[in-house]
Amino acid sequence: MSESFPRLHARTRRFTLGVPRGFTIAPGGDRVVFLRTRSGFDPVTCLWEYDVLSGTERLVVDPRALAADDEDLPPEERARRERSREQAGGIVGYSTDAAVTVAAFALSGGLYVVDLRTGQVRRLKTSGPVIDPRMSPTGVHVGYVTGGAFHIQDLEDEVDHALARPESPEVTYGLAEFVAAEEMDRMRGYWWSPSGDAILVERADDSPVQRWHIADPANPARPATEQRYPAAGTANAGVELFVLTLGGARVAVPFDDEYLVNAAWDAHGLSIVTMTRDQRTMRLLDVDPATGASTVVREDTDPAWVDVVTGVPGHLSDGSLVWAATSEGGHRLVVGDSPVTPPTLQVREILDIDGETVLFRASGEPTEIAVWAYRRGQITLVSPTEGGVYSGHTAGGTLVITGQTLGSEGSATRVLHNGTPRGHIASHAERPSLDLRVSLIRAGERDLATAVLLPSGHVPGSAKLPVLMDPYGGPHAQRVLAAAGAHLTSQWFADQGFAVVVADGRGTPGRGPEFERAVLHDLATPVLEDQIDALHGAAARFPDDLDLSRVGIRGWSFGGYLAALAVLRRPDVFHAAVAGAPVTDWRLYDTCYTERYLGHPDEGHYDSSSLFADAGKLDRPLLLIHGLADDNVVAAHTLRLSSALLAEGRPHNVLPLSGVTHMTPQETVAENLLLLQVDFLKKALSS
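Only a predicted model underlies this, so the values are computations on that prediction, with no experimental measurement involved.

## Looking at the overall build of the protein
Stage number 1. When you go through the protein residue by residue, the secondary structure sums to 10 helices and 44 strands.
Stage number 2. For a compact globule of 687 residues, the expected C-alpha radius of gyration is about 26 Å, and the protein comes in at 25 Å, within 12% of that figure.
Stage number 3. Counting only contacts in the protein whose residues sit at least 6 apart along the sequence, the fraction spanning at least 24 positions is 59%.
Stage number 4. Of the roughly 26000 Å² that the protein leaves accessible, carbon and sulfur atoms contribute 49%.
Stage number 5. Put simply, the protein has 61 plus and 89 minus side-chain charges, and the middle of one group is 4 Å from the middle of the other.

Quick look at the structure:
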């Protein structure tokens, strides 16, 4: 008997195991290094290499062969994986030299290097558990962090040097601070010079950040974990930069702004990107590594907020700046001083810069993300013309394109060299065995991107079904995409007897700056209005299939906030809600995310977007779910809302998850959460 979808969904880590990722293309374009587990059930990630000319692949490193697959991770590495939403184990990250001949990686806190030509692996001696090892471009040294200190090791004589040691337990060198990793997609805290003789290193001081304590009530003998959490309106970590040389010299790189967004060190020099606390000004600075002096190259401002785009800054081979900025109503690629993409094409990410070519992701249609290339004044679509969600990498004439469409199961990875197909890098992911019945429509007066999913055996017009809204609904994330993988869980809920409606309202990406900035100073009203608008629009398109007298809503994180908001403020529309890990009071969420949209708490925009004042309005079934080990949206959000509901005499359900973080990675928990939600919703909507 085949496994149920909830069990399969949990065992495969949401069908991500076995999917190739983490691609690095050799400069000559002849080889592609990548990560992949051996099967769709195997959580141990291995390092592989694909030969472009022959179309063959080989296994380079299997952690099991090193007796290191049973992981014992240092706390800093666990935190890094939580920030990056990493769901697998083994070799989850690696770095190479510029020639892609040697790679460094960490396993269970150990430092390993592998010769990619011979496959020979060495474990190097270190003074403690290793975090974020990175090869120097020359392949002579590897940098890493241990115990908050930044070290380098010479690969020839294996001599280890600590170039920077923390002055107190609250200080780290070489690691990204919490808000950089969680909210700015910056997972690194140091950058090698191209010549490999110096490193730009971040010094983060957490001592100004308030202390929170995350306890495990199910294990009272275990002490609470102390965490520095920069809640909205409170102090962030103090961040400084230093250029460290292999000879021991140390040069400060001062900057005035609150946030270090990114840094880059290439053949054209050292650059840093900084942002003010209110996030309305972003500066690009060129830095003299010998003196630490900097010059402002570009300053972008926005009355709402400036957007953080991954992959910049960079330079073409002639030194022209590669940047991304908002202008004329669009997110645009900028080369030199000029936008080179139309405002109707929303640039999302810069993927690679190879000589005169810039590879980037962008959306014309918001439900699709394509890969484009800019070269010598022209932009060209390089991903397939079939609409879907794509990404890619390029170097040395080789192009790796990954993607999935609405009509195909799983993702595909294509390899091309100088435009000629050179085969596929196989995916070993399991298939979900669902009959996907999704219609992508535009609904409501704002033409909101909306997905409607019906049970696989449902005959249109044969019966009206209870409706389940299944949103995320907030900034940074989309649910309505032209990719089958985006709709698997929603389809399973539909197969349990629901008509599922998923809508991306104002604040979500893909439709341009004006649409995203509609949530400025109000994270509640626009997103809730748009869910209702999409619901009614979907019902107008499927009048004989959606029963608006039985409407439930479920969500996680921002989606959990939206679900609770819906039954509290619009019980006339929503009749039951499941709110997983919801933000309930935005004062309890972090500085960088919350202040971007609501400003400083003293500005007065928080109460109208929080839930406590609405506690007395609850008269619909509400299930609150929260992991007690969640260090992103801490359990205090749910517990305080529950207390407010209790004080108002409002019945509700709370499901605490002992030892569970924001990701809910445990297989049993992930499986049973789906089953419990269906049971709750069916009972709540039965009358």
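## Some points on the pattern of salt bridges
Stage number 1. One pass over the structure, following the stated rule, counts 43 salt bridges.
Stage number 2. In this structure, Arg298 engages Asp300 in a salt bridge whose closest nitrogen and oxygen atoms are separated by 2.8 Å.
Stage number 3. Between Lys683 and Asp679 there is a salt bridge, and its shortest N-O distance comes to 3.2 Å. A residue pair is termed a helical-turn pair when its members lie 3 or 4 positions apart in one helix, as Lys683 and Asp679 do in helix H10 (residues 667-684) at four residues.
Stage number 4. Taking the relative accessible area as the measure of exposure, Lys683 reaches 59% and is therefore exposed.
Stage number 5. Each of Asp30, Arg31, Glu49 and Arg58 takes part in one network of salt bridges that share partners.

## What about the nonpolar core?
Soluble globular proteins tend to bury their nonpolar side chains together.
Stage number 1. Ranked by internal contacts, the top residues of the largest apolar core, which has 91 residues, are Trp323, Leu333, Phe360, Tyr561, Phe574 and Trp586.
Stage number 2. Excluding its chain neighbours within four sequence positions, the residues that come into contact with Leu333 are Val322, Trp323, Ser338, Pro339, Val340, Thr341, Val347, Ile350, Val358, Phe360 and Tyr374.
Stage number 3. Counting residues in hydrophobic clusters, the runner-up holds 30 residues, among them Ala449, Phe493, Ile625 and Leu685.

## A word on the sheet that holds strand E11 (residues 141-146)
Stage number 1. On the basis of which strands lie adjacent, the open sheet formed by four strands has the order E10-E11-E12-E13 and antiparallel pairing. Looking along the sheet, the strands with just one partner apiece sit at the ends: strand E10 (131-135) and strand E13 (160-164). Ignoring strand direction, the axes of neighbouring strands in this sheet form an average angle of 25 degrees.

## Considerations on the sheet that holds strand E31 (residues 370-375)
Strand pairing in a sheet relies on backbone hydrogen bonds, with the paired strands running either antiparallel or parallel.
Stage number 1. A sheet is described by the order of its strands in space; here four strands give the open sequence E29-E30-E31-E32, paired in antiparallel fashion. Here the strands that pair on one side only, and so sit at the sheet edges, are strand E29 (346-354) and strand E32 (378-381). For this sheet, the mean inter-axis angle between neighbouring strands, taken without regard to orientation, is 30 degrees.
Stage number 2. Across four bridges, the pairing between E31 and E32 is antiparallel. Bridging across to E32, Trp372 finds its partner in Leu381.

## Considerations on the environment of Ala99
Stage number 1. With respect to the helices and strands, Ala99 occurs in the loop between strand E6 (95-96) and strand E7 (102-107).
Stage number 2. Separated by 273 residues in the primary sequence, Ala99 and Trp372 place their C-alpha atoms 25 Å from one another.
Stage number 3. If we skip the residues at most four places from it in the chain, Ala99 touches Pro27 and Arg31.

## Observations concerning the packing of helix H4 (residues 488-495) against H10
Stage number 1. Relative orientation of the contacting elements H4 and H10 amounts to 45 degrees, with a least axis distance of 11 Å. Classified by the angle their axes make, H4 and H10 are oblique. Along this stretch, H4 crosses H10, giving a crossing that reads as right-handed. Contact residues: Thr489, Trp492 and Phe493 in H4; Leu674, Leu675, Gln677, Val678 and Leu681 in H10.
Stage number 2. Looking at side-chain class alone, the contact of H4 with H10 contains six nonpolar, two polar and no charged residues.

## Points about helix H6 (residues 525-541)
Stage number 1. For H6, with 17 residues, the first-to-last C-alpha span of 24 Å sits near the 24 Å given by 1.5 Å per residue.
Stage number 2. With 12 of its 17 residues buried, H6 lies for the most part within the structure.
Stage number 3. All of the buried residues in H6 are Pro526, Val527, Leu528, Asp530, Gln531, Ile532, Asp533, Ala534, Leu535, Gly537, Ala538 and Ala539.
Stage number 4. Where H6 is buried, its residues meet strand E37 (438-443), strand E38 (448-453), strand E39 (465-469), strand E40 (499-504), strand E41 (546-556) and helix H7 (558-569).

## A short note on the packing of H6 against H7
Stage number 1. Look at H6 against H7: their axes get within 10 Å of each other, and the N-to-C directions meet at 75 degrees. Judged on the interaxial angle alone, H7 and H6 are roughly perpendicular. When H6 is examined against H7, the residues Val527, Leu528 and Gln531 are found in contact with a partner set consisting of Phe558, Leu562, Leu565, Ala566 and Arg569.

## Quick word on the pairing of strand E16 (residues 198-205)
Stage number 1. Among the eight residues that make up E16, eight are buried, leaving the element largely enclosed by the rest of the structure.
Stage number 2. In E16, alternate side chains face the same way, and those of Ala198, Leu200, Glu202 and Ala204 on one face and Ile199, Val201, Arg203 and Asp205 on the other are all buried.
Stage number 3. By the bridge criterion, three bridges tie strand E14 (residues 171-173) to E16 in an arrangement that is antiparallel. Paired with Thr172 across the two strands is Ala204, which belongs to E16.
Stage number 4. Here strand E15 (residues 190-192) runs beside E16; their pairing, made up of three bridges, is antiparallel. Looking at the pairing, Tyr190 lines up with Val201 of E16.
Stage number 5. Where E15 folds back onto E16 in an antiparallel hairpin, the turn is made up of five residues, including Gly196, whose phi is positive at roughly 75 degrees.
Stage number 6. With eight bridges connecting them, E16 and strand E19 (residues 238-245) associate as antiparallel partners.

Conventions and cut-offs
Residues numbered from 1 in each chain as written. Predicted model: local features only at pLDDT ≥ 70, side-chain atom pairs only at ≥ 80, totals over all residues. Heavy atoms only, no water. Helix = DSSP H or I, 4+ residues; strand = E, 2+ residues; numbered from the N terminus. Rg over C-alpha atoms; globule rule 2.2 N^0.38 Å. Contact = heavy atoms within 4.5 Å. Areas by Shrake-Rupley, 256 points an atom, 1.4 Å probe, with all protein chains shown as cover. Lys, Arg positive; Asp, Glu negative; His and termini not counted. Charge placed at Lys NZ, Arg CZ, Asp CG, Glu CD. Salt bridge = Lys/Arg side-chain N within 4 Å of Asp/Glu carboxyl O. Buried < 20%, exposed > 50% of the residue type's maximum accessible area, 1.4 Å probe, protein only. Core = buried A, V, L, I, M, F, W, Y, C linked by side-chain atoms within 4.5 Å. Pairing = 2+ DSSP bridges. Axes fitted to C-alpha atoms, helices over the stretch in contact; angles between N-to-C directions. Parallel < 35°, antiparallel > 145°, perpendicular 65-115°, else oblique. Left-handed = near helix turned anticlockwise from the far one by under 90°. Nonpolar A, V, L, I, M, F, W, Y, C, P; charged D, E, K, R; others polar. Expected span 1.5 Å × (residues − 1).

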